[in-house]
Each structure stands twice: as structure tokens, then as C-alpha cells.
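The residues making up each chain are set out below.
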Amino acid sequence: MSKAFASQADLDDKKTTFEQLSKHCWAYTAEGDPNSGVIIGEKFIMVSDATATPAMAQDLIRQIRTVSDKPIKYVLLTHYHAVRVLGASAYVAEGATEVIASRGTYELIVERGAEDMQSEMERFPRLFRGSESVPGLTWPTLVVGDGQPGRQGSLTVDLGGVKVEIWHPGQGHTRGDTIAWVEEEKVLFSGDLVEYEAGVYTGDAQLEEWPATLEALRALKAEAIVPGRGEAMKGRADVDKALDYTKRWVTTLFQAGKEAAAAGMDLKAAMAHTRKSMDPVFGHVFIYEHCLPFDVSRAYDEAKGIKNPRIWTAERDKDMWAALQG
């Protein structure tokens, strides 16, 4: 029996949680849906990951307004995916003057932002309810770094009483992943570089580089993390648990892709081969069946030497799904 395409059958609303992690840092999580982070200073507020639509952003704004009336001046795009960035325009009315992204993220928006927007709207009908409120692609006003990984290209933003350091730590979920780090409070906002007990989408990933990027994040010795999906993790041991979970997903997936490519399997056979190692460990988690065919497609491509991920279009999505989940 074929499975409903992507998340088209996932129409039940999720319960959101707005949780304080430290003096200035908050997590907005939603039972495996995309998370956002909030950093509240004495002068300004920063939101990390803007939600999928301006309509959806209103709930996060309402939560923020229960604890602060300061301007939400900064919006950080941890990467370019539509489900993370298309809500950014909602914050203009709340004081936003800067949309921050890495050089790699900016380049990806130029290269494939329009295709990704259409693709993701069809994959996630529930998250894109109210999509008529989206004015178009979200473009950064402030681009960080030169595309090379490391803190030497970082930007530090002073929100008043708390400083946030923003940089591209390395390739992983995309080639432009960006983090926010509040060093004084040891809180990390990782975007989709890190997930916990949820599907790890790797359709646009750099799988070979991702584990080293996770180790660069581990070296920060964070005491709390807001992952891209899953609950906020508190305490060094639980932060490591999220890093380990993501690393295990990425390495297990890529190893299966390399084995499939080396054996000359076609993509459908690669999917069956990958399930043998992935299903027993991860098959129970939220959005697993949505992510896996996209993940297998990317792992198979990268194993065959395609370093720059092929662009997903709505048409390519459907063709792939019919082949692998039909």
C-alpha cells in the first residue's frame, strides 16, 4: 500500500511549549514540529528560526509577549528551508530590522529558494496553513561570514545584558548552517544541525562533513540546546544525547548509501537496504517515513559523488515518492 505523500496525512495540531532555559534564553517546541529559539535581552529580542508562515509566527509572538515587550529586532535564519524562514515578515511589526543568515544560506536562497518554497508547501500542508500570508521568499538583510566554517567569521549581537555569537560551524544539514551561541549561559541554538527523537531530514545535506560539524558543536560544551526538532535538552549529558542521536542517524544512513552505491543497487534497492539498518533504530520517531526517502535519495547521490545536492522540485518530490513509497 502506498503511503500518503510526505506529511500530507499529518493534519493534527501539535501542542506548543514555551520554556525558559536560562536567564535570557527560551525554547519554542511543538512535539516534533520545527522549533524556534528566543533570546530576550534588556533592549532587544532575537528569534532563531522564524516558523513557516507569518500566520504561524503569531503564536510564537504571543508567547514572547507574555514575558517581554521589547522589540523583536533580529531574526536569524539557521538555514534556507521554507518551513524555517517564510514566517519572517511577521516580525517587522514587532520591531524587526535585521534578518541574519550565513553566506552559504544566502547563496542557497538564490540558487534554489523558489523551488524549495513550492516543494515544502506541498510536503507540509498543516504547517503551511495560512500560506497566503507569505509575501514571498525571505531574504537576509545581514549576511555573516564568507562561506568558510569557523568562529573567525562570526557576528556578535548585543541584545542588552546578553550577547549572541552567530557563525557557520560547518556543513551538515545544508552547506550554509548557522548557529546562535550564548556563551555566558552555555545555550546553543543549532537549527536542524541537531535533532532529537525526530526524523533528521538530509535531502539537502552534506553527509560526509556533518559528523565533524557535530563534534565542533560538542566542543562548545553547551549546557542546553534548542534542536531543530524534538524537545529542548538541558544539562551536558542530554545535550550530548541529542548530538549522538543525530550523528548516529547521519552515519548509519550514509554508510547504507555507500554500500548500496558500491553494490550497484538502484535507488529502490538502496531504500530497502537502508531500511535494514535504519528502521530498527529510528522507525518509531516522528516524521521518519516522510524523511527517509528524501534521505536515501541524498545519501545515494552523495555516495556516487554528487557533492552539491540536486534541487528538489515539487515534481521531483512526487516522482521520487512514487518510486520509493508507492
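Residues numbered from 1 in each chain as written. Predicted model: local features only at pLDDT ≥ 70, side-chain atom pairs only at ≥ 80, totals over all residues. Heavy atoms only, no water.

Q: Got a minute to help me understand the overall build of the chain in this structure?
A: On a plain count of helices and strands, the chain comes out with 8 helices and 13 strands. A compact globule built from 326 residues would reach a C-alpha radius of gyration of about 20 Å, and the chain, at 19 Å, matches this within 12%. The dimensions of the chain, computed from C-alpha atoms along their principal axes, are 60 × 40 × 35 Å. Residue burial in the chain is summarised as follows: out of 326 residues, 57% are buried. Summing over all exposed atoms, the chain offers an accessible surface of approximately 12500 Å²; the carbon and sulfur share of this is 51%. Separation between the mean location of the 37 positive side-chain charges and that of the 48 negative ones in the chain comes to 2 Å. (Helix = DSSP H or I, 4+ residues; strand = E, 2+ residues; numbered from the N terminus. Rg over C-alpha atoms; globule rule 2.2 N^0.38 Å. Buried < 20%, exposed > 50% of the residue type's maximum accessible area, 1.4 Å probe, protein only. Areas by Shrake-Rupley, 256 points an atom, 1.4 Å probe, with all protein chains shown as cover. Lys, Arg positive; Asp, Glu negative; His and termini not counted. Charge placed at Lys NZ, Arg CZ, Asp CG, Glu CD.)

Q: Explanation requested: the side chain of Glu165 in the structure shown.
A: Considering the arrangement of structural elements, one finds Glu165 in strand E9 (residues 163-167). In this structure the side chain of Glu165 is engaged in a polar contact, spanning 2.5 Å, whose partner is the side chain of Arg151. Side-chain polar atoms of Glu165 contact the side chain of Ser154, separated by 3.1 Å. Ignoring sequence-local partners within four residues, the contact set of Glu165 consists of Arg151, Ser154, Leu155, Thr156, Ile179, Ala180, Trp181 and Glu183. (Polar contact = N/O pair within 3.5 Å; in protein donor to acceptor, adjacent residues only side chain to side chain. Contact = heavy atoms within 4.5 Å.)

Q: Just to check I follow, could you spell out the sheet that holds strand E2 (residues 25-30) for this structure?
A: Strands belonging to one sheet form pairs held by backbone hydrogen bonds; the direction of such a pair is parallel or antiparallel. Taken in spatial order, the 7 strands line up as E1-E2-E3-E4-E5-E6-E7 in an open sheet, and their pairing is mixed. Each of the sheet's edge strands pairs with one partner strand only, and the pair in question is strand E1 (17-20) and strand E7 (142-144). Direction aside, the axes of adjacent strands within the sheet are offset by 20° on average. Of the strand pairs in this sheet, E1 and E2 are connected by 4 bridges, and their pairing is antiparallel. Paired with Phe18 across the strands is Tyr28, a residue of E2. Sheet contacts for helix H3 (residues 103-123): strand E6 (98-102) and E7; angle to E6, the most-contacted strand, approximately 95°. (Pairing = 2+ DSSP bridges. Axes fitted to C-alpha atoms, helices over the stretch in contact; angles between N-to-C directions.)

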